[in-house]
Amino acid sequence: MTTTALRRTIFIIAILVIWEAAYRLIGWESWKFPSLFQTVESFYTGFAHGQLLDAIYNSLRRLFIAFAISLSIGMVLGLMFAKFKAIDDTIGFMVIALQTVPSIAWLPFAIIWFGFNDVSVIFITALGATWTMSIATRTGIKNIPPIYLRAAQTLGTGNGWRMFTQILVPGAFPHLMTGVRVSWAFAWRALVAGELIANGAGLGQLLQDGRGLGDTALMLNVVIIIAVLGTLSDHFCFKKLEDRLLVRYGLESNSKS
């Protein structure tokens, strides 16, 4: 075990001990905040009966669909903003304004347009990530030194697909990965908020059910699951992808591996 992993393990154990000790010393009531053992028992019951597994599956299904949509649209918009000043001055200006609007504010419109179904939740989840990804893409491409583009054209890359894959993507990569990570976090927030209101079977709805039943252990289960899924996806997916692509495009040496 590495030093970092050991420190994190000790920290987590300390938090768990403090949690249970505080519950017993302060005398919290379980309907206000659960103890460690009540939360563990709720986890076991939820997974044994399939309740938590079904919620995780439904939420991740919506999330992956919305995230794929937001990445595709966001990167295309960002590329257009970076390459065409007229579009950047008009649509790009509007995107900046739209980014300040919480995506959950569009849920009433989504319900009117699509009804109480998955489409409404996917719609606002995609909105929660699209604007961030478009701005990150635009910033990344804009920050590529013009001399790189001229040198690439001199060497025969042209302005088409080769320019995009060989120059624009590697040059904008740090900003792109930041955009992906932030968009993933925004998508999670929008997803849970949408499921809370739009009655989509998932983690958000399970959180709402826990509130209605006064089951704080179930509510805490949902919060922990979201935090764990977010951490695992960032560490084992986005971080690994970032490291590989940094080496692939020559932005980092392969000495660490």
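Rules used in this analysis
Residues numbered from 1 in each chain as written. Predicted model: local features only at pLDDT ≥ 70, side-chain atom pairs only at ≥ 80, totals over all residues. Heavy atoms only, no water. Helix = DSSP H or I, 4+ residues; strand = E, 2+ residues; numbered from the N terminus. Buried < 20%, exposed > 50% of the residue type's maximum accessible area, 1.4 Å probe, protein only. Contact = heavy atoms within 4.5 Å. Areas by Shrake-Rupley, 256 points an atom, 1.4 Å probe, with all protein chains shown as cover. Phe/Tyr/Trp six-rings, centres within 6.5 Å; stacked < 30°, edge-to-face > 60°. Salt bridge = Lys/Arg side-chain N within 4 Å of Asp/Glu carboxyl O. Core = buried A, V, L, I, M, F, W, Y, C linked by side-chain atoms within 4.5 Å.

Chemist: Describe the overall build of the chain, listing the residues and the values that go with them.
Modeler: Helix and strand content of the chain: 10 helices and zero strands. Walking the chain from its N terminus toward its C terminus, one meets helices and strands in the order α-α-α-α-α-α-α-α-α-α. Overall size of the chain, expressed as C-alpha extent along the three principal axes, is 70 × 55 × 30 Å. Here the chain, with 257 residues, has 39% of them falling under the buried criterion. Sequence-distant contacts in the chain: of pairs separated by 6 or more residues, those separated by 24 or more amount to 68%. Total accessible area on the chain stands at roughly 14,900 Å², and carbon and sulfur atoms take up 69% of it.

Chemist: Tell me what's going on with the packing of aromatic side chains, and back it up with residues and numbers.
Modeler: Scanning the entire structure with this criterion turns up 12 aromatic pairs. Relative to Phe47, the ring of Phe43 lies with its centre 6.0 Å away and its plane at 10°, an arrangement referred to as stacked. Residue Phe43 and its partner Phe47 are located together in helix α2 (residues 36–48), separated by four residues, close to a single helical turn. Of the residues examined, Phe47 reaches a relative accessible area of 34% and is grouped as partly exposed. Of the aromatic side chains, those joined through ring pairs into one cluster are Phe64, Phe67, Trp184, Trp188 and Phe238.

Chemist: Describe in detail the pattern of salt bridges, supporting the description with residues and values.
Modeler: For the structure shown, the criterion picks out seven salt bridges. A salt bridge links Asp234 to Arg181, with the nearest nitrogen and oxygen atoms 3.1 Å apart. Of this pair, Asp234 sits in helix α10 (residues 216–248) while Arg181 sits in helix α8 (residues 161–198); the two residues are 53 residues apart in sequence, bridging distant segments of the chain. Judged by its relative accessible area of 28%, Asp234 is partly exposed.

Chemist: Explain the nonpolar core to me, using residue names and the numbers behind them.
Modeler: Generally speaking, soluble globular proteins have nonpolar side chains that are buried together. Core analysis: the biggest nonpolar cluster contains 40 residues, and Leu63, Trp188 and Leu203 have the highest contact counts within it. Contributions of two or more residues to this core are made by α3 (51–83), α5 (107–114), α6 (118–142), α8, α9 (203–213) and α10. Broken down by element, the residue count for this core peaks at 15 residues, all from α8. If sequence neighbours within four positions are ignored, Trp188 has contacts with Leu60, Leu63, Leu203, Ile226 and Leu229. Residues Leu77, Val95, Leu127 and Trp131 belong to the second largest nonpolar core, which totals seven residues.

Remember that the coordinates give geometry; whether it matters functionally is a separate question.
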